[in-house]
Amino acid sequence: MSVASPFYGTMKTISCSMLHLFPTRTVALMIGPLSVHWYGVMYACAFIVGLWIFRRLQRYRNLQLSEQQIDSMFLSLFLGVLIGGRLGYVLFYGDALYFSDPLEILRVWHGGMASHGGFIGVLIAMIIFTRRTRISFLSLCDVLTVPIALGLAFGRDRKSTRLNSSHVSESRMPSSA
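Cut-off values and rules
Here the residue numbers are simple positions, counted from 1 along each chain's written sequence. Reporting of local features is limited, given that this is a predicted model, to residues whose pLDDT is at least 70; pairs of side-chain atoms are given and counted only at 80 or more, and all residues count toward the totals for whole chains, interfaces and linings. Side-chain measures were taken over the full set of non-hydrogen atoms in the model, leaving aside hydrogen atoms and water. Nonpolar cores are built from buried Ala, Val, Leu, Ile, Met, Phe, Trp, Tyr and Cys residues. Side-chain atoms within 4.5 Å join them into one set. Whether a residue is buried, partly exposed or exposed follows from its accessible area with a 1.4 Å probe, protein chains only, as a fraction of its type maximum: under 20%, in between, or over 50%, in that order. Where helices and strands are cited, they refer to DSSP runs of H or I of at least four residues and of E of at least two residues respectively, numbered from the N terminus. Residue contacts are counted whenever heavy atoms from the two residues lie within 4.5 Å of one another. For two strands to count as paired, DSSP must find a minimum of two bridges between them. Charge convention: Lys and Arg are scored as positive, Asp and Glu as negative, and His as well as the terminal groups of each chain are ignored. Any Lys or Arg side-chain nitrogen found within 4 Å of a carboxyl oxygen on Asp or Glu counts as a salt bridge. A fitted line through C-alpha atoms represents every axis, and for helices the fit uses only the stretch in contact; the resulting angles, taken between N-to-C directions, go from 0 to 180 degrees. Note on convention: near helix rotated counterclockwise from far helix by under a right angle means a left-handed crossing. Clockwise means right-handed. Amino acid classes used here: Ala, Val, Leu, Ile, Met, Phe, Trp, Tyr, Cys and Pro are nonpolar; Asp, Glu, Lys and Arg are charged; the rest, including Gly, are polar.

**Q** Talk me through the nonpolar core; I want residue IDs and the actual numbers.
**A** The tendency in soluble globular proteins is for nonpolar side chains to be buried side by side. Counting residues in each nonpolar core, the largest one holds 16 residues, and the members touching the most others are Phe54, Leu63, Leu65, Met73, Leu77, Leu140 and Leu144. When residues of this core are traced back to their parent elements, those giving at least two are helix H2 (67-93), helix H4 (115-133) and helix H5 (137-155). Per element, the largest residue contribution to this core is 5 residues, and it comes from H2.

**Q** Tell me about the environment of Ala125, residues and numbers included.
**A** With respect to the helices and strands, Ala125 occurs in helix H4. A relative accessible area of 10% places Ala125 in the buried class. Setting aside residues no more than four positions away along its own chain, Ala125 makes contact with Ser76, Leu77 and Gly80.

**Q** Tell me about the pairing of strand S4 (residues 34-37), residues and numbers included.
**A** In terms of strand pairing, strand S3 (residues 27-31) meets S4 through 4 bridges, oriented antiparallel. In the sheet register, Val27 faces S4, and the bridge partner there is His37. Linking two consecutive strands that pair antiparallel, namely S3 and S4, is a turn of 2 residues; a positive phi of about 60° is found at Gly32 within it.

**Q** Can you explain the side chain of Arg86? Please cite residues and give values.
**A** Relative to the helices and strands, Arg86 resides in helix H2. Nearest to the buried, unbridged Arg86 among oppositely charged side chains is Glu104, at 4.6 Å. Discounting residues that sit within four places of it in the chain, Arg86 has contacts with Val81, Tyr98, Glu104, Ile105, Arg107, Val108, Gly111, Gly112 and Met113.

**Q** Tell me what's going on with the packing of helix H1 (residues 38-60) against H2, and back it up with residues and numbers.
**A** Viewed as axis vectors pointing N to C, H1 and H2 meet at an angle of 145°, and their least axial separation amounts to 12 Å. The two elements H1 and H2 meet at a crossing, and its hand is right-handed. Taken together, the residues of H2 that come into contact with H1 (itself represented by Tyr43, Phe47, Gly50, Leu51, Phe54, Arg55 and Gln58) are Glu67, Ile70, Asp71, Met73, Phe74, Leu77, Phe78 and Val81. Split by residue class, the contact of H1 with H2 holds 10 nonpolar, 2 polar and 3 charged.

Okay, here's the thing in structure tokens:
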């Protein structure tokens, strides 16, 4: 199958049936009634790696936080991601269910997080943290840029990056025709 484009000419489709980057199941581990989903594992990995990188990067920047401040900051960021992501999902994509049953907002295990809501939540958490501790907001942003970028990479929606036999992607390169 090919698609015509006024900018790129004819684009050919590519099927990647041999490449599977992520497992097709959503649950990583089940222990009795408790199920641990892959996106939860990825959130945990993002925060663990982010904390490890942050501690090393702050040494090379003009920022020296105590262990207590680092713990407080990461708790704030964690809550910012969860609360902002969930409220972002409810506000941007929610339906009448959340109005008829507002407690459904708290049921995060039913799914639904929005990355842009998480970003807003983290931004608010950072502002509150820097004002409370009298740390320069820009200095904190300077050190957090790399851990946040890696966290976003860990937290990307698996559905948008999964390659399987039914996935077809279009080439963005001009054709030679």
